[in-house]
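Descriptive analysis of the structure
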Amino acid sequence: MLIFLLSLFASSLYADQVPNCDSLWYQQPPTKWDDAFPMGNGRLGMVVYGTADEYIIFNEDSIWSGWSEKNNDREGSFAALQKIRKLLKEDAPPAEINKIAMDDFCSLHGYGKPDFGAYQSFFNAHIDFGHDQEDISNYRRRLDLSTAVADITYVYNNVNYQREYFSSYPGQVSVMRFTADKTGSIDLLFSLSSLHKKTSVIVKDNTLFLDGQVDTGVVGQDGMKFQAQIQFQIKGGKISQTEVVSEIPVGKNKIVYPAPAIKIEDADEVVVIMAGATNYKLQWPDYTGGDPSDKNAKVLNAIKGKSYEDLISEHIKDYKNLFDSVKLEIAGTDRSDLPTDTRRKEYKKTVDDPALEVLVFHFGRYLMISSSRPGGLPANLQGLWNNTNSPPWLGDYHLNINLQMNYWPVDLCNLSECMEPLTDWLLDLQKPGAKTAKIHYNSRGWVAHHSANIWGFTSPGPNRGVHMLEAESAAFICQNVWDHYAYTADKDYLKNQAWPLLKGAAQFWVDSLQEVDGGYLAVVPAFSPEHGPLTDSAYFQVMVVWDLFSNCIKASEILDIDHEFANQLKIMRERLMPLQIGEYGQLQEWRDQNLEKNVKTDKHRHFSHLYAVYPGKQIITGKDPKFTKAAIQSMNFRGDGATGWSMGWKVNTWARLLDGNRAHKLASTFVSSRVSDALWCLHPPFQIDGNFGYTSGIAELLLQSHIPLKADGAFYEIHLLPALPDKWASGSIKGLKARGGVLIDHMSWENKELKNIQVKANTTGKYTFVYKDRKFEVQLKKNAIVSLNKYLIN
Ligand code: FUC
């Protein structure tokens, strides 16, 4: 008994600590889901409300409606494409061109159709503790980013209650523990609800089993199967089975029926463990494999006999291994003594709390670790959190900026392993993408368009609008694929994973580029996301292809393969439609001047023609003064307003344009006005890309490494503090990565001057560091840390 009381005391000490600067904390429960805590292990997610009567949303990243449709690609569509190309050449009226595109070229399937599906909810848990919110005091809920553990503490009836929550990657389960500082004080009723019609709940051996199947909405078309198993371990008290009245929404009505639930009385401590799975398997063309209940049984078997302490310590060790790899500190005001919602209000008035800007940076890394780990699917538009079966934009993989943005911070912010789900998904997507390339474009290689899902959808369409025709999407995401190599210098990855993706994407464009006026090569038809007409004069696609070809040329040199192909790419790259500066000094979005006439007032959230600055590398600030100036002019015309993700992109772009103060201004707007109180990016609504874009943008202010040392070489200048904002005069950062396999183990600065830096490379060689107007070559020995002073001398 004494040991038990001591352990309770120890855990409440943890809860009573002053919130540290890595915490989000509040003195009241959330009123909206995007103010609750998102937690996850890359595959399983939960959104913890922390209300007196607890409500938790559980998610599993593969639960989708829809199915793997075998007829996505439209036979005969290539003839329609040829017609579109001809009509564009002849300057035919846009309506005529669009009609053919929509009626004869687009797939009959895809985004918005039942086969495409949408990311689905899993189930919700209701935990009735019998405590009224009005009757509790000293309430506090906190999400500790340094451990990925959330805790809720409060006093009810003179008893101190505490709850802890985490999702474990090593355990592959979500876990919660309820304790109190007086024995026998925990009573609860644990019940489940689901938004899926076909769901059943049973209790067996004090375990709740929720089995369900997604309704595809189409008779005869089976939906995905899923299952959750929820186990309970109690100390003291008793556990029994009971029933609660459950409501299931069916269209606009509800079915109300008694559902099995778990009742716990007079317990000292309760631990709840949730395993969840589906019968999904990432493998074209069927995408099914394994029984969800077998998958759950396997997971639960593997952790059998482990105590709560075992599970939480394993989780924290695993999580810290990733999270602690980077630490940013900026000198100045730190209002972590204030609850995070109050703190944001203060920040909005003063813009003086750099530690809050840092917290949002670290939150982006936390979200990445929580939503993208090996073995799972890539982070979708909402990471893996979802409270509905009809999420905004179907919770899909948008490929015209959003998925790419999700993965911008992974390598730079030292979370390279979080890239794996994206790589796996792309390697699979390439297969249906090759079929689409053949049928729709009569081309080799692979292609993908505006929106994709977990069912291998790569076709253009359906007929919702011309943005569905963005054929550069595969090439665009190949920038992430290449960058993962550039940062890690992992040649196995380059050879076995990146190269097939890059080469296939490039082959597609070798076959698909079209000759336009002046003998240049361009993408036809093209569309500047999500903006303007279907045309043969948009620059975005050409910029994307320019980078893809450049990356392939480098890869071929490094791997010493496919030189003939690389030579062909070099010749074609020379012929790509050259960038152009318009009459207002702007970088043109379209070659056709008529489309540029509103450039001064056009505030569209997409500014895809700035791709060449970020994430592309065609325009390099300082090296291309003429185009840099034009890019700045275009950014000024677009202005500083933006939706959530667009703001994130602007931070990165201004960082690349080396204007730290402008980037900081946008980053501040993001922190004060583009996130919820729980710091989720609000497009609005919640869309996670902005969180990731913000995080990579903050890192780009401190470190850049995209400038190649020679035109097609694979080594880069490592630019230290390239765009330090005035407001961040002193600070330090540990752990950012630079291209070329270099780790900036530590870097500090004071009064806007670099103080010292420790670096390490994973390959022996000479590396070039740049700080202000100083440039220095440093010899690094594999994995040996070298310290440099501000003159870059060791
Ligand atoms: C892009 C944007 C929209 C939205 C959607 C998910 O295509 O243009 O604003 O963010 O993705």
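Here's what I pulled together on the structure shown here. (Residues numbered from 1 in each chain as written. Predicted model: local features only at pLDDT ≥ 70, side-chain atom pairs only at ≥ 80, totals over all residues. Heavy atoms only, no water.)

1. A word on empty space enclosed by the protein
For the structure shown, the criterion picks out 5 cavities of 30 Å³ or more. The volume enclosed by the largest cavity comes to roughly 160 Å³. Contributing to the lining of the largest cavity are 19 residues, with Y407, W408, D483, Y614 and R739 lying nearest its centre. Breaking the lining of the largest cavity down by element, the ones donating at least two residues are helix 9 (409-412), helix 11 (473-488) and helix 18 (689-702). The element best represented in the lining of the largest cavity is helix 11, accounting for 6 residues. (1 Å grid on protein atoms, 1.4 Å probe; cavity = no way out; pocket = protein on both sides within 12 Å on 5 of 7 lines; lining within 4 Å. Points joined across faces, edges and corners; volume = space filled by probe spheres on them. Helix = DSSP H or I, 4+ residues; strand = E, 2+ residues; numbered from the N terminus.)

2. Notes on the site of the ligand
Taken together, L381, W393, H398, N400, N402, E530, R605, H606, W645, H683 and Q687 are the residues near the ligand. Measuring from an oxygen atom of the ligand, one finds a side-chain N or O atom of N402 at 3.1 Å. The contact in question runs from an oxygen atom of the ligand to an N or O atom on the side chain of R605, over 2.7 Å. Against a free-state accessible area of 290 Å², the protein chains account for coverage of 98% of the ligand. (Near = heavy atom within 4 Å. Polar contact = N/O pair within 3.5 Å; in protein donor to acceptor, adjacent residues only side chain to side chain. Areas by Shrake-Rupley, 256 points an atom, 1.4 Å probe, with all protein chains shown as cover.)

3. Things to note about the pattern of salt bridges
Think of it this way: side chains of opposite charge can pair up when their charged atoms draw near. On inspection of all chains with the given rule, the structure shows 42 salt bridges. D22 is the salt-bridge partner of K327, the closest N and O atoms lying 3.6 Å from each other. Taken together, the residues span a long stretch of sequence, with K327 in strand 17 (residues 327-330) and D22 in the loop between helix 1 (2-16) and strand 1 (23-26) at a distance of 305 residues. One continuous salt-bridge network, built from bridges that share partners, spans E164, R177, K235, E269 and E309. (Salt bridge = Lys/Arg side-chain N within 4 Å of Asp/Glu carboxyl O.)

4. Observations concerning the environment of F209
Among the structural elements, F209 can be located in strand 12 (residues 207-213). The spacing of F209 and A228 is 19 residues in sequence and 5.8 Å in space, taken between C-alpha atoms. In contact with F209, not counting residues within four places along its chain, are S200, V201, I202, K204, Q227, A228 and Q229. (Contact = heavy atoms within 4.5 Å.)

5. Re the side chain of T695
Summarising the element assignment, T695 is placed in helix 18. Its relative accessible area of 0% is what places T695 among the buried residues. Excluding residues within four positions of it along the chain, T695 makes contact with V360, F361, G364, R365, P409 and C413. (Buried < 20%, exposed > 50% of the residue type's maximum accessible area, 1.4 Å probe, protein only.)

6. Here we look at the pairing of strand 4 (residues 54-60)
Remark: a regular strand shows side chains that alternate across the two faces of the sheet. Most of strand 4 sits inside the fold, with 6 of its 7 residues counted as buried. When strand 3 (residues 44-48) meets strand 4, the two strands line up antiparallel, connected through 5 bridges. By the bridge assignment for strand 4, V48 is matched with I56. With antiparallel pairing between neighbouring strands as the criterion, strand 3 and strand 4 make up a hairpin whose turn holds 5 residues, including G50 at a positive phi of roughly 75 degrees. Of the strand pairs in this sheet, strand 4 and strand 5 (residues 123-128) are connected by 5 bridges, and their pairing is antiparallel. In the sheet register, Y55 faces strand 5, and the bridge partner there is H126. (Pairing = 2+ DSSP bridges.)

7. Side note on unusual backbone geometry
With an omega of -25 degrees, the peptide bond running from P529 to E530 counts as cis. Looking at the secondary structure, you find E530 in the loop between strand 22 (526-528) and strand 23 (531-535). A cis amide bond links P684 to the next residue, P685, at an omega of 5 degrees. Take P685: it is sitting in the loop between helix 17 (660-673) and helix 18. Here the phi dihedral of N751 falls at roughly 45 degrees; this positive angle occurs in a residue that is not glycine. By the element assignment, N751 lies in the loop between strand 28 (742-750) and strand 29 (753-761). Under the relative-accessibility criterion, N751 is labelled exposed at 62%.

8. Some details on the nonpolar core
F190, L720 and F769 are the most contacted members of the largest nonpolar core, which totals 242 residues. With 12 residues, helix 13 (residues 539-559) is the single largest residue contributor to this core. With sequence-adjacent residues up to four places away left out, F190 is seen in contact with A125, H126, I127, M176, L208, I230, F232, A261, I262 and V272. Core analysis: the next-biggest nonpolar cluster, separate from the first, contains 13 residues, V149, V175, A275 and L300 among them. (Core = buried A, V, L, I, M, F, W, Y, C linked by side-chain atoms within 4.5 Å.)

9. Here's the deal with helix 7 (residues 354-371)
One full turn of an α-helix is made of 3.6 residues, so residues set three or four places apart face in the same direction. With 18 residues, helix 7 extends 26 Å between its outermost C-alpha atoms, agreeing within 8% with the 26 Å of an ideal straight helix rising 1.5 Å per residue. Across the 18 residues of helix 7, 18 count as buried, placing the element largely inside the fold. (Expected span 1.5 Å × (residues − 1).)

10. Structural notes on the packing of helix 6 (residues 340-350) against helix 17
The geometry of helix 6 relative to helix 17 is characterised by a closest axis approach of 9 Å and an angle of 140 degrees between their N-to-C directions. Our classification of the angle between helix 6 and helix 17 gives oblique. For helix 6 against helix 17, the interelement crossing comes out left-handed. Counting all contacts with helix 6, which are made through R344, Y347 and K348, the residues of helix 17 involved are S668, V671, S672 and S673. When the residues that make up the contact of helix 6 with helix 17 are grouped by side-chain class, the tally is 2 nonpolar, 3 polar and 2 charged. (Axes fitted to C-alpha atoms, helices over the stretch in contact; angles between N-to-C directions. Parallel < 35°, antiparallel > 145°, perpendicular 65-115°, else oblique. Left-handed = near helix turned anticlockwise from the far one by under 90°. Nonpolar A, V, L, I, M, F, W, Y, C, P; charged D, E, K, R; others polar.)

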